[in-house]
Amino acid sequence: MLTRKQHELLMFIHERIKETGVSPSFDEMKEALDLASKSGIHRLITALEERGFIRRLAHRARALEVVKLPQQATTAAPPKGRGAFRPQVFEGGGSPPPAPAASSAPANDSRELPILGKIAAGTPIDAIQHERERLPVPEAMLGNGEHYVLEVQGDSMIEAGILDGDYVIIKKGDTATSGEIVVALVGEEATLKRLRKKGGSIALEAANPKYETRIFGPDQVEVQGKLVGLIRRYH
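The structure displayed is predicted, hence computed values, not measured ones. (Residues numbered from 1 in each chain as written. Predicted model: local features only at pLDDT ≥ 70, side-chain atom pairs only at ≥ 80, totals over all residues. Heavy atoms only, no water.)

Go over the packing of aromatic side chains with me, naming the residues and quoting the values.
The full count for this structure, using the stated rule, is 0 aromatic pairs. We note Lys-68 situated over the ring of Phe-53; from NZ or CZ to the ring centre the distance is 4.8 Å. (Phe/Tyr/Trp six-rings, centres within 6.5 Å; stacked < 30°, edge-to-face > 60°. Lys NZ or Arg CZ within 6 Å of the ring centre and 35° of its normal.)

Below, the structure is given as structure tokens:
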């Protein structure tokens, strides 16, 4: 089920591609939907992509393709893999999706976040370190609250789309809902895992069958924040 704005944007993109052969620019989409900023367009496009209505085409300007329209939604295949999280990935060092020069996102559409060190997606490593550098992150990936970045080390979350060397965007906080992917502090070690609440216990669950789920008492696990997105760099 699409929201009204998601439906309006999808149909606008569809009609523009039919008329001109290319998808509209972010400025054109913003004006058509009467939005105040392009960050709202980023969020709508991401939502449409996650629901399988559009696809981004790599290495092309105005790189959007309409895959299906709302009346076709009942025939779409469900997403594969365990868990509900599908990471919002910005490739190439955190730049927003490609767009023509005239409509590229302004500087205030990104926010510099501190990289606090490495986080284990595997065997836990030392707890979060101090800031070592900063990384620009698109505002479309963020909301209210304080955020920080950690570099992933290990392969225990690969079935959730989180790979060794990725940069995960974490919203700082000390609470999480069962099923969310979190930064968990266990003693002096930090790890990135899916948190499950099982009775009076806390389970830290990997997304790779070669890693076992670890069970702790509620007073042994401190949530440091939850995953909201990731950035993948190619060297």
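An account of the environment of Ala-184 is needed here, citing residue identities and associated values.
Here Ala-184 shows up in strand β9 (residues 181–186). Sequence separation of Ala-184 and Gly-225 is 41 residues, and the distance between their C-alpha atoms is 7.7 Å. For Ala-184, the residues in contact, after removing those within four places along its chain, are Glu-189, Ala-190, Thr-191, Leu-204, Val-221 and Glu-222. (Helix = DSSP H or I, 4+ residues; strand = E, 2+ residues; numbered from the N terminus. Contact = heavy atoms within 4.5 Å.)

Kindly report on the nonpolar core, identifying the contributing residues and their values.
Counting residues in each nonpolar core, the largest one holds 19 residues, and the members touching the most others are Ile-119, Leu-150, Ile-162, Val-168, Ile-170 and Leu-192. Those elements that place two or more of their residues in this core are β4 (110–120), β7 (147–153), β8 (167–172), β9, β10 (189–198) and β13 (221–232). By size, the runner-up hydrophobic cluster in this structure holds 15 residues, among which are Leu-33, Leu-44, Phe-53 and Leu-69. (Core = buried A, V, L, I, M, F, W, Y, C linked by side-chain atoms within 4.5 Å. Buried < 20%, exposed > 50% of the residue type's maximum accessible area, 1.4 Å probe, protein only.)

Describe the pattern of salt bridges, with residues and values.
The full count for this structure, using the stated rule, is 11 salt bridges. For Glu-8, the salt bridge goes to Lys-5, with nearest N and O atoms at 3.8 Å. Pair noted here: Glu-8 and Lys-5 are both in helix α1 (residues 4–20), with a separation of 3 residues, about one helical turn. The exposure class assigned to Lys-5 is partly exposed, which follows from its relative accessible area of 25%. One salt-bridge network, held together by shared partners, links Arg-4, Lys-5 and Glu-8. (Salt bridge = Lys/Arg side-chain N within 4 Å of Asp/Glu carboxyl O.)

Could you give me a rundown of the side chain of Ser-156, with the residues and numbers involved?
Along the polypeptide, Ser-156 turns up in the loop between β7 and β8. Given a relative accessible area of 0%, Ser-156 falls into the buried group. In this structure the side chain of Ser-156 is engaged in a polar contact, spanning 3.2 Å, whose partner is the side chain of Lys-193. (Polar contact = N/O pair within 3.5 Å; in protein donor to acceptor, adjacent residues only side chain to side chain.)

Pulling in residues and values, what's your account of helix α3 (residues 38–50)?
Across its 13 residues, α3 extends 18 Å between first and last C-alpha, which sits within 8% of the 18 Å expected from 1.5 Å per residue. In terms of residue burial, α3 counts as a mostly covered element, since 10 of its 13 residues are buried. Buried within α3 we find Lys-38, Ser-39, Gly-40, Ile-41, His-42, Leu-44, Ile-45, Thr-46, Ala-47 and Leu-48. Turning to α3, the residues buried within the fold contact α1, α2 (26–33), β1 (54–56) and β2 (64–66). (Expected span 1.5 Å × (residues − 1).)

Note that all results are geometric; they support no functional claim without further evidence.
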